[in-house]
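Residues per chain, in single letters:
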Amino acid sequence: MVRGVQGMKKVSNKIKIGMSERAFDIFNVVFMIALMIVMFYPMWHVLCASFSDAKLFSAHTGILLKPTGFSLTAYKLMLNNPMILRGYANTIFVLVFGLALNMVMTSIAAFVLSRKNVFWRKPLTIFVVFTMYFSGGMIPSYLNIVDLGLLDSLWAIIIPGAISTYNMIIMRTAFASVPDSLEESAKLDGASELRIMWQIIIPLSKATMAVICLYYAVTHWNSWFNAMLYINDRNKFPLQLILREILIQNDTSSMVTAMDVGAGDSSFVSETVKYAVIIVSVVPILCVYPFIQKYFTKGVMIGAVKG
């Protein structure tokens, strides 16, 4: 009798899957695999092309699944070019100092707007959000940079973007989700507002902080438009602006010369050099993502749902 009851429970616990649900699952799997291939193949193509022999690659047609021959000539020419290394140094400078400024300023602004006892908190929030939708425009911004004496300086692409309103709102929402009881207990122990922020609020918002840090880092690493507007000295060009010259303006003359590869091969090598520059400029950000990924979903959901 007991076995019969157990057998009935096992049968009842089994969920019958209909043909429509099976078809839907199969479609989802096929669609996701196709989407992965579509997103992964361009990067794989660039990687294979960067390691390919220049002449063989120029003669290749169709899908590229592996390097056509193997050559490090493109990487050697690229690394021997002083503009690439200088561009890397400028980008790292902007990334380090810009990211530090972003996180400090955004944290302070988010903490102030997340406190319920702040005078005129709602009008201040509306005023800050207004700047996300409306701005003075390109010409007033340029004139402002000139008047501040920041023209042709790397600080011209760091200071104007010290705070992103969107990122600040996400961080403000995360800070507001921290229980008020913790802040009240800290105040009873004599903690100041600054100490509450750095020792209580921020440590409890690590996931959101990591996501915002990634947002700012990617923005600084990929930024080229402001540098194009405000910087004239080529020695101060960030890496992405140099990459733009190579890809859009087709300028590889400083890397590929007759002395390096021979006059007949320079046009072929120019193509592989472009791919090598793309790989070198993308790899650092790709290496950062795995370390931030575990915080990403949690941090975004906290900023999106609560508050």
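See the structure shown above.
Quantities reported herein were computed from a predicted structural model and do not represent experimental measurements.

### Things to note about the overall build of the chain
Argument step 1. Counting its secondary structure elements, the chain contains 15 helices and zero strands.
Argument step 2. Here the chain holds 307 residues, and the buried ones make up 35% of them.
Argument step 3. If you take every contact in the chain between residues at least 6 apart in sequence, the share linking residues at least 24 apart comes to 74%.
Argument step 4. For the chain, the accessible surface area stands at approximately 19100 Å², while carbon and sulfur atoms represent 68% of it.

### Thoughts on a nonpolar patch on the surface
Argument step 1. A cluster of nonpolar side chains, Met138, Ile139, Tyr142, Leu143, Val146, Trp224, Phe225 and Met228, forms an exposed patch at the surface whose accessible area comes to about 710 Å².
Argument step 2. Broken down by secondary-structure element, the contributors of at least two residues to the nonpolar patch are α7 (138-147) and α12 (225-230).
Argument step 3. Of the residues forming the nonpolar patch, the biggest block, five residues, is contributed by α7.

### Thoughts on the pattern of salt bridges
Charged atoms that come close allow side chains of opposite charge to pair.
Argument step 1. Following the criterion strictly, the structure yields four salt bridges and no others.
Argument step 2. One salt bridge connects Arg115 with Glu183, and the closest N-O pair in it is separated by 2.5 Å. Highlighted residues: Arg115 in the loop between α5 (82-114) and α6 (121-133) and Glu183 in helix α9 (residues 180-188), separated in sequence by 68 residues. Residue Arg115 shares its accessibility class with Glu183, and that shared class is buried.
Argument step 3. Here Asp180 and Lys116 are joined by a salt bridge, their closest N and O atoms 3.1 Å apart. Here Lys116 lies in the loop between α5 and α6 and Asp180 lies in helix α9, a separation of 64 residues in the sequence.

Each value, and the rule that gives it
Residues numbered from 1 in each chain as written. Predicted model: local features only at pLDDT ≥ 70, side-chain atom pairs only at ≥ 80, totals over all residues. Heavy atoms only, no water. Helix = DSSP H or I, 4+ residues; strand = E, 2+ residues; numbered from the N terminus. Buried < 20%, exposed > 50% of the residue type's maximum accessible area, 1.4 Å probe, protein only. Contact = heavy atoms within 4.5 Å. Areas by Shrake-Rupley, 256 points an atom, 1.4 Å probe, with all protein chains shown as cover. Patch = residues over 30% accessible without salt bridge, like charges linked within 9 Å, V, L, I, M, F, W, Y side chains within 5 Å. Salt bridge = Lys/Arg side-chain N within 4 Å of Asp/Glu carboxyl O.

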